[in-house]
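# Close look at the chain arrangement
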Amino acid sequence: MKIIFEQPKDGDEDKIIVSCRHVTPEIMQLLDRITNQGSLIGYIDNKIYKVNPSDIYYIETVDRMTFLYAEGYVYESKQKLYELEEYLRPWNFLRIGKSCIANLEKIKSVSPMLNRRFDVVLANGERVIVSRQYVNNLKEYLDI
């Protein structure tokens, strides 16, 4: 695959041209990310916000409520965790516990813990625990 960048002339608008033999799911996911149509809906104090998946550090369910944790904000989501897990797979989100999904692109460090669990420090300094059941998935992603 070739990637070509060209700078438009003054006055021309930015454009993206996709040239491919077949439109694969990966290409559609990439286009969805570029056009930002993949935004989620989050709620804070009955106000509705558009949340870009790449801004989310992790998602957690607590007492049957789902929360999206972003830099400086915690949004409530009306979607179930398993729905978000499936939807966010193209953005490199991975389930790391029964009630938690993490954005793998936001991982700063990973440390093994007792009982075969992992402690993950995210780019914003928050820590999340990878339960034993999901450690192998994380190891596979990190190639360790």
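Structure: see above.
Residues numbered from 1 in each chain as written. Predicted model: local features only at pLDDT ≥ 70, side-chain atom pairs only at ≥ 80, totals over all residues. Heavy atoms only, no water.

### So, a nonpolar patch on the surface
Rule in force here: Only residues whose relative accessible area exceeds 30% and that form no salt bridge are eligible for patches; like-charged ones are grouped when within 9 Å, while nonpolar side chains (Val, Leu, Ile, Met, Phe, Trp, Tyr) are grouped when within 5 Å. With residues, only the protein chains shown are counted as cover, and all accessible areas are computed by Shrake-Rupley using a 1.4 Å probe. Any carboxyl oxygen of Asp or Glu that lies within 4 Å of a side-chain nitrogen of Lys or Arg is treated as forming a salt bridge with it. Where helices and strands are cited, they refer to DSSP runs of H or I of at least four residues and of E of at least two residues respectively, numbered from the N terminus. The classification of residues rests on relative accessible area computed with a 1.4 Å probe and restricted to protein chains. Under 20% of the type maximum is buried, over 50% is exposed, and intermediate values are partly exposed.
On the surface, M1, I3 and F5 cluster together into a nonpolar patch covering about 530 Å² of accessible area. Structurally, the position occupied by F5 is in the segment before α1 (25–35). In this structure F5 comes out as exposed when scored by relative accessible area, which is 78%.

### Observations regarding the packing of aromatic side chains
The following threshold applies: Aromatic contacts are taken between Phe, Tyr and Trp rings whose centres are within 6.5 Å, Trp giving its six-membered ring; a plane angle under 30 degrees counts as stacked, one over 60 as edge-to-face, and the others as tilted. Whether a charge sits over a ring depends on NZ of Lys or CZ of Arg being within 6 Å of the ring centre and within 35 degrees of the ring normal.
Tallied over the entire structure, the rule returns four aromatic pairs. Joined through ring pairs, the aromatic side chains of Y49, Y73 and Y75 make up one cluster. Directly above the ring of Y43 sits K78, whose terminal nitrogen or CZ lies 4.8 Å from the centroid. The ring of Y57 carries the charged tip of K106 above its face, separated from the ring centre by 4.7 Å.

### Overview of the environment of E76
Turning to its location among the elements, E76 is positioned in strand β5 (residues 73–77). What makes E76 partly exposed here is its relative accessible area of 23%. A C-alpha to C-alpha distance of 9.8 Å links E76 and E60, two positions 16 residues apart in sequence.

### Observations regarding the sheet that holds strand β8 (residues 107–112)
To be explicit about the condition: Two strands qualify as a pair provided that DSSP identifies no fewer than 2 bridges between them. Fitted lines through C-alpha atoms serve as axes, helices being fitted only where they are in contact, and the angles separating the N-to-C directions of these axes extend from 0 to 180 degrees.
Spatially, β8-β9-β10 is the arrangement adopted by the three strands of the open sheet, whose pairing is antiparallel. Edge positions in the sheet fall to β8 and β10 (127–130), since each has one partner strand and no second. Going from strand to strand, the sheet's axes swing by 25 degrees on average, the running direction of each strand aside. Here five bridges tie β8 to strand β9 (residues 118–122), and the two strands are oriented antiparallel to one another. Each residue of the ladder has a partner; that of S111, found in β9, is D119.

### So, the side chain of S39
Test applied: The contact criterion used is simple: two residues touch if any of their non-hydrogen atoms lie within 4.5 Å.
Along the chain, S39 turns up in the loop between α1 and β1 (40–44). With relative accessibility at 17%, the residue S39 sits in the buried group. For S39, the contacting residues outside a window of four places in its chain are K50, V51, N52, P53 and Y87.

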